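Coordinate analysis (summary)
Single-letter residue listing:
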Amino acid sequence: MNSFIAQTLQEILSREEPISNYTFVLPSKRAGSFLLNRLSSLTQSATFAPKVLSIEDFAEEVAKLKSVDNLTALFEFYTAYLACTPQEKVENFDTFSSWAQTLLYDFNEIDRYLIDYQSFFGYLGNIKEMDHWYLQEEKTPLMENYLAFWERLPEYYQNLQQQLQRKNSAYQGMVYRIASEKISAYLEQVSDHFIFIGFNALNNAEQEIFQKMLQSGKAEVFWDIDKIFLEDAQHDVSLFMRQYRKNWPYYQENDFQKISTEFSSTKKINVVGTPKNIGQAKYVGEILSKLSPEELKETAVVLGDENLLVPVLNSLPPNVGEVNITMGFALTNAPVSFLFEHLLKVHSSKNSGNWYYKDLTAICNHPLIQKVTGGLSGKMSEKIKDENLVYVDPKELIRNSPEHVREIYKLCFGDWNDDPARAVGALQELIFTLKAGLDAEKETLTLEFLYQLHLLLNQLQNLLRQYSYVKSIKTLTSIFKDLLSTKTVDFRGKPFSGLQLMGVLESRVLDFKNVILTSVNEGILPAGKSSNSFIPYDLKCAYNLPTYKEKDAIYTYHFYHLLQRAENVHLLYNTESDGLNAGEKSRFLLQLELEPQEKHHIKEYNVAPFVPAVLKNLKTVKKTPAILERIRERAADGFSPSALTTYIRNPLDFYKQYVLGLKEREEVEETVAYNTLGNVVHDTLETFYGAWLGQEITTEKLQEAKAKTTAEIEKQFRKHYSEAPLKSGKNLLIFEVAKRYVLNFLKTEIKSVEQGNSIRILEVETRLKCPFSIPELDFPINLKGTVDRVDKFNGKMRIIDYKTGRVDQGKVELVDWEDITSDYDNFSKPFQILTYAYLLNQEKPILEAAEAGIISFKNLQAGFLKFSKKDKMGRGAVKDPDITQEALNAFKEQLKNLILEICDPNIPFVEKELKQNAW
């Protein structure tokens with residue numbers, strides 16, 4: 001394959017004129033690098049290299065102005081805005097920047113297309129006035145201000161231009177306008193011959209420059225267009241070039257330099273649909289894995305959506321040795337950028353002296369902060385969780401920290417007094433502190449990210465010194481994020497060898513034998529309709545400004561240019577029609593199918609990239625001597641109903657919690673957790689009923705408890721939760737729920753007493769422990785548990801377990817005794833109830849029939865839910881509603897079998913596949 005750049009160079013080298021007498025102008029600097037590399041391979045002897053410029057550099061050279069970045073242009077615009085806006089109508093910089101960036105874009109377009117700004121803005125002002133036309137003659141102040149804004153646009157534009165010119169600076173569109181005005185004078189001063197290569201969509205300023213240079217005889221333009229497209233009056237690929245050929249005076253007498261015929265050459269084109277972005281990335285890896293080293297050198301992976309960069313890099317197969325990445329890694333995606341962005345965000349939104357715990361722990365748990373503090377910041381996060389601190393005083397935190405980390409904490413958590421300069425200074429100091437704590441050899445990537453952030457903060461620092469408009473950290477944060485989004489960290493590599501990985505714009509003027517193009521979907525290729533402009537569509541059409549049609553034509557050219565000289569093409573698109581980053585199959589793919597070429601072999605298919613299946617292997621833990629020893633220790637301490645039901649639910653969880661002693665990770669309980677709610681209700685009732693031990697409860701006692709409920713619940717919340725206020729948000733609702741639970745329960749008790757029932761309190765929250773003899777085991781076994789309440793109801797003993805969740809009668813009934821130790825979901829409640837009954841019986845034998853059951857606070861209307869043994873025949877008849885010695889003996893047998901299984905060295909802990917919660 002002979003690339004367009006090579007063909008052009010061969011044409012120039014065939015002339016007698018030395019190549020050094022030419023100046024080459026290309027659409028991008030990258031294309032210029034490829035031109036010089038190709039030139040070195042085409043020249044047989046040493047020679048001076050020609051001058052190579054990008055079109056932006058060339059325009060700056062002609063205009064003799066330095067192009068400023070968008071942020072500097074924004075600050076300069078605010079200076080111009082202040083100069084021509086009445087003091088009483090001046091907006092602060094934060095508000096100004098919300099609309100000024102869009103207006104700067106419009107100024108840029110007006111200049112690039114050489115529009116007369118006076119008539120244009122007059123026309124725009126009239127349109128805005130007509131948009132808000134109404135019958136009432138008198139305008140409101142809001143309306144007057146709105147229309148006055150549009151009337152002042154010419155003044156804003158003129159002031160900005162004059163201000164920038166005084167500093168020999170300009171935004172990009174202004175550079176082009178002035179370059180088009182100065183091109184004639186420039187041509188009189190230079191003797192070089194200019195070669196323009198690979199251009200397509202030119203703005204009016206560029207067209208003016210090109211035409212004057214062509215007419216002067218000092219320039220040539222090599223257009224990269226195929227004959228098939230140029231002769232097709234309907235095809236968007238040649239939309240712009242057909243206009244130049246028709247309208248430029250130069251082409252009335254001269255034809256295009258060289259017209260390609262390579263699009264119709266033999267090509268293998270695979271149109272591949274694959275689900276999701278990750279699917280495309282994986283399939284790119286599959287394609288590359290089948291290429292030889294020589295083929296990889298002639299291959300380009302072009303990303304229609306540059307967000308695919310990291311997934312594609314992670315999917316590169318082992319046979320890909322060298323990779324040249326042209327687009328750079330977005331600095332905003334670097335982990336260290338999150339730290340700085342978060343610090344600015346927190347300091348800009350901090351309303352009081354205390355920090356919200358999530359903001360503080362996000363900084364403390366950042367890997368870099370943990371590294372330079374030697375892990376102390378992580379321990380501080382754990383302390384916050386242990387003490388359940390929702391808001392933390394940073395001054396106290398700094399004061400109580402060790403000396404060697406105090407400076408870091410001051411930089412992060414110290415008061416910046418809403419001073420942008422102080423904030424930037426603190427962040428710069430933090431960068432140097434972090435740098436000092438990193439290994440220069442092992443952590444080069446992190447150091448590179450820190451260096452790029454240092455440069456960014458230097459730029460911000462210079463802007464703050466030059467312009468005094470940033471008054472708050474909130475505004476600084478907005479500017480920092482905008483600036484961060486434009487910065488990239490370049491990848492190091494050999495630019496002309498190995499696999500080429502690039503974005504669509506980087507592929508301009510470049511040709512590759514093998515092309516893999518991703519994200520060929522509507523909304524990406526082409527990008528579709530999007531408007532970041534104050535200029536209405538009709539006005540754009542009237543002044544020949546580019547609309548979505550011209551933008552679509554640009555994408556069309558890029559798409560077909562990639563195919564023009566390629567031999568093997570893979571076009572990938574996302575088949576998912578909904579969800580994130582989804583869209584329809586691109587019109588370009590449909591166009592390829594409708595305009596078939598004789599030598600194009602198009603194959604279309606859908607694939608699901610090979611992703612190894614993740615098998616859910618249930619874990620098994622064998623009982624080693626060490627594990628058996630821990631089980632013996634646990635048995636001697638006592639098996640609780642919770643421990644045993646955990647084993648029934650999932651033996652592996654029992655192993656983790658009760659053998660290894662692992663606990664769930666504690667988090668700050670910002671909103672009262674469900675177990676905390678349960679503890680509050682239990683302890684409130686313990687306080688009330690504990691005072692009545694051995695007594696019969698009366699309506700007077702219960703009424704007195706009702707009166708004390710609010711104060712007691714508040715006390716229990718302080719004990720179990722936090723000193724934080726409970727007067728707002730979700731916590732207030734949960735507080736009210738707890739109060740309602742207790743009050744409603746006390747009301748049912750009052751009603752029961754009023755109906756003539758006798759209730760005598762025997763025990764409240766009694767902790768029980770008893771030996772459990774198993775002859776087969778040669779070590780002691782104990783059972784333990786805490787019974788919520790034991791009373792006598794009309795002379796009959798009741799063993800009661802409180803539940804703050806909902807429990808129905810069916811959940812406390814049992815048919816087969818064997819089920820109680822095998823089916824957690826259905827029989828964990830009867831298991832707990834019977835364990836408590838067994839413990840009580842061991843302490844003091846239950847001589848008379850007793851009842852055991854649950855009181856569910858979410859199902860109080862059901863009353864006391866009694867355990868019952870149902871008829872095995874399934875007819876629903878209750879066979880044994882009471883807790884008798886016979887029932888306890890039957891339960892004991894099942895309990896024995898369960899404990900034997902836990903202690904059996906030959907039965908490993910086998911993980912159970914748990915049912916997923918529907919929510």
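This text follows the structure it describes.
Figured I'd write up the structure that's included with this text. Position labels on residues start from 1 in each chain and follow its written sequence. The model is predicted, so local features are restricted to residues of pLDDT at least 70 and side-chain atom pairs to those at 80 or more, both for listing and for counting; the totals for chains, interfaces and linings are taken over all residues. The side-chain figures draw on all heavy atoms in the structure; neither hydrogens nor water molecules are used.

A short note on the overall build of the protein
- Check the secondary structure of the protein and you find 36 helices and 27 strands.
- This radius of gyration counts C-alpha atoms alone. The globule rule is 2.2 Å times how many residues there are, raised to the power 0.38. Relative to the 2.2 N^0.38 estimate, which gives 29 Å for 919 residues, the radius of gyration of the protein is 39 Å and therefore markedly larger than a compact globule would have.
- C-alpha atoms of the protein, sized along the principal axes, occupy 120 × 70 × 65 Å.
- Sorting the 919 residues of the protein into buried and exposed places 50% on the buried side. Think of it this way: any DSSP run of H or I at least four residues long counts as a helix, any run of E at least two long counts as a strand, and we number them from the N terminus. Each residue is assigned to one of three classes by its accessible area relative to the maximum for its type, calculated with a 1.4 Å probe on protein chains only: buried under 20%, partly exposed between the two thresholds, exposed over 50%.

Here's the deal with helix H31 (residues 651–659)
- Across the nine residues of H31, seven count as buried, placing the element largely inside the fold.
- All of the buried residues in H31 are Pro651, Leu652, Asp653, Phe654, Tyr655, Tyr658 and Val659.
- Those residues of H31 hidden inside the fold are in contact with strand E18 (620–621), helix H29 (625–637), helix H30 (641–649), helix H36 (885–903) and strand E27 (909–910).
- Phi for glycine 661, located one or two positions after H31, is positive at around 80°. Here, residues are in contact when the closest pair of their heavy atoms is within 4.5 Å.

A look at the sheet that holds strand E7 (residues 267–274)
- Here, strands pair whenever DSSP counts at least two bridges between them. Spatially, seven strands are ordered E9-E14-E8-E15-E16-E7-E17 in an open sheet, and the strand pairing comes out parallel. Two strands close off the open sheet at either side, each with one partner strand: strand E9 (323–325) and strand E17 (600–606). Strand-to-strand twist across the sheet, computed as the mean angle between neighbouring axes with direction ignored, equals 15°.
- Sheet topology places strand E8 (residues 299–303) next to strand E15 (residues 514–518); five bridges connect them, and they run parallel. Among the inter-strand pairings, alanine 300 is bridged to a residue of E15, identified as valine 515.
- Whenever a helix is involved, its axis is fitted only over the stretch in contact; in every case the axis is a line through C-alpha atoms, and angles between N-to-C directions fall within 0 to 180 degrees. Strands in contact with helix H14 (residues 276–289) are E7, E8, strand E14 (499–503), E15, strand E16 (568–574) and E17; relative to E16, the strand with the most contacts, it is inclined by about 160°.

Focus on helix H17 (residues 335–349)
- Over its 15 residues, H17 runs 22 Å from end to end, which matches the ideal 21 Å to within 8%, given 1.5 Å per residue.
- Restricting attention to buried positions, one finds in H17 the residues Val336, Ser337, Leu339, Phe340, His342, Leu343, Leu344, Val346 and His347. Helix span, expected: 1.5 Å multiplied by one less than the number of residues in the helix.

Observations concerning the sheet that holds strand E21 (residues 796–803)
- Spatially, E19-E20-E21-E23-E24 is the arrangement adopted by the five strands of the open sheet, whose pairing is mixed. Each having just a single partner strand, strand E19 (759–771) and strand E24 (864–866) make up the two edges of the open sheet. Between one strand axis and the next, the sheet turns by 40° as a mean value, whatever way the strands run.
- One ladder, built from six bridges, connects E21 with strand E23 (residues 851–856); its direction is parallel. The residue of E23 that forms the bridge with isoleucine 800 is glycine 853.

Some remarks on the pattern of salt bridges
- Salt bridges are identified by distance alone: a Lys or Arg side-chain nitrogen within 4 Å of an Asp or Glu carboxyl oxygen. Scanning the model with the defined rule gives 38 salt bridges in all.
- Several salt bridges converge on common partners, so that one network encompasses Asp224, Glu262, Asp511 and Arg565.

A word on the environment of valine 323
- Mapping valine 323 onto the fold places it in strand E9.
- Through-space distance from the C-alpha of valine 323 to that of alanine 233 is 40 Å; in sequence the pair is 90 residues apart.
- Those residues in contact with valine 323 that sit more than four places away from it in its chain are Leu316, Leu499 and Leu501.

What to know about the nonpolar core
- To qualify as a nonpolar core, a set must consist of buried Ala, Val, Leu, Ile, Met, Phe, Trp, Tyr and Cys residues joined through side-chain atoms within 4.5 Å. Core analysis: the biggest nonpolar cluster contains 177 residues, and Phe58, Phe196, Trp223, Phe340, Phe413 and Leu571 have the highest contact counts within it.
- Considering every element that reaches this core, the biggest residue donor is helix H24 (residues 444–466), with nine residues.
- Counting residues in hydrophobic clusters, the runner-up holds 56 residues, among them Val621, Ile627, Ile846 and Phe867.

Describing the packing of aromatic side chains
- Two rings from Phe, Tyr or Trp (for Trp, the six-membered ring) form a pair when their centres are within 6.5 Å of each other. A pair whose planes differ by under 30 degrees is stacked, one over 60 is edge-to-face, and the rest are tilted. Taken as a whole and judged by the stated rule, the model has 72 aromatic pairs.
- Judged by centre distance (5.9 Å) and plane angle (85°), the rings of phenylalanine 58 and tyrosine 186 are edge-to-face. Remark: tyrosine 186 occurs in helix H9 (residues 172–189) and phenylalanine 58 occurs in helix H3 (residues 55–63); sequence separation between them is 128 residues.
- On the accessibility criterion, phenylalanine 58 (0% relative accessible area) is buried.
- In this structure tyrosine 186 comes out as buried when scored by relative accessible area, which is 6%.
- Measuring from ring centre to ring centre gives 6.3 Å for phenylalanine 149 and tyrosine 156, while their planes differ by 55°; the resulting arrangement is tilted.
- Looking at phenylalanine 149, the relative accessible area reads 16%, which means it is buried.

Remarks on the packing of helix H35 (residues 824–843) against H36
- Direction vectors running N to C along H35 and H36 enclose 110°, while the axes themselves pass 10 Å from each other. The orientation of H35 with respect to H36, classified from their angle, is roughly perpendicular. Contact with H35, carried on its side by Phe831, Leu834, Thr835, Ala837, Tyr838 and Asn841, involves Gln885, Leu888, Phe891, Lys892, Leu895 and Leu898 of H36 and no other residues of that element.
- For this scheme, ten residues count as nonpolar: Ala, Val, Leu, Ile, Met, Phe, Trp, Tyr, Cys and Pro. Four count as charged, namely Asp, Glu, Lys and Arg, and the remainder, Gly too, count as polar. For the contact of H35 with H36, a count of residues per class yields eight nonpolar, three polar and one charged. Throughout this description, any angle smaller than 35 degrees is read as roughly parallel, any larger than 145 degrees as roughly antiparallel, any in the 65 to 115 degree range as roughly perpendicular, and the remainder as oblique.

A few points about the pairing of strand E1 (residues 22–26)
- For E1, a buried count of five out of five residues is recorded, marking the element as mostly surrounded by other parts of the structure.
- Judged from the four bridges that link them, E1 and strand E5 (residues 193–197) form a sheet pairing that is parallel. The residue bridging tyrosine 22 from the neighbouring strand is histidine 193, located in E5.
- As judged from the four bridges shared by E1 and strand E2 (residues 51–54), these two strands associate in the parallel manner. Bridging from a neighbouring strand, threonine 23 pairs with lysine 51 of E2.
- Handedness of a crossover: with both strands directed away from the viewer, a clockwise path from the first strand across the helix to the second marks it as right-handed. Taken together, E1, helix H2 (residues 29–42) and E2 constitute a β-α-β crossover, and its handedness is right-handed.

Remarks on the environment of phenylalanine 772
- Structurally, phenylalanine 772 is set in the loop between E19 and strand E20 (782–793).
- For the pair phenylalanine 772 and serine 67, spaced 705 residues apart in the sequence, the C-alpha separation amounts to 87 Å.
- Beyond its immediate sequence surroundings of up to four residues, phenylalanine 772 is in contact with Ile781, Asn782, Leu783, Tyr838, Lys892, Leu895, Lys896 and Ile899.

A word on unusual backbone geometry
- A cis amide bond links leucine 525 to the next residue, proline 526, at an omega of 0°.
- The topology assignment puts proline 526 in the loop between E15 and helix H26 (537–542).
- Residue leucine 114 is not a glycine yet carries a positive backbone phi of 55°.
- Mapped onto the elements, leucine 114 comes out in the loop between helix H5 (93–112) and helix H6 (117–131).
- Assessed through its relative accessible area of 30%, leucine 114 is described here as partly exposed.
- Positive phi, normally seen in glycine, also occurs at serine 519, with a value near 55°.
- Along the chain, serine 519 falls in the loop between E15 and H26.

Details of the packing of H5 against helix H8 (residues 153–166)
- Remark: H5 packs on H8, axes separated minimally by 12 Å, with the N-to-C direction vectors making an angle of 75°. The angle between H5 and H8 falls in the class roughly perpendicular. Across the interface between the two elements, Trp99, Leu103, Leu104, Phe107 and Asp111 of H5 pack against Leu153, Tyr156, Tyr157, Leu160 and Gln161 of H8.
- Partitioning the contact of H5 with H8 into residue classes produces eight nonpolar, one polar and one charged.

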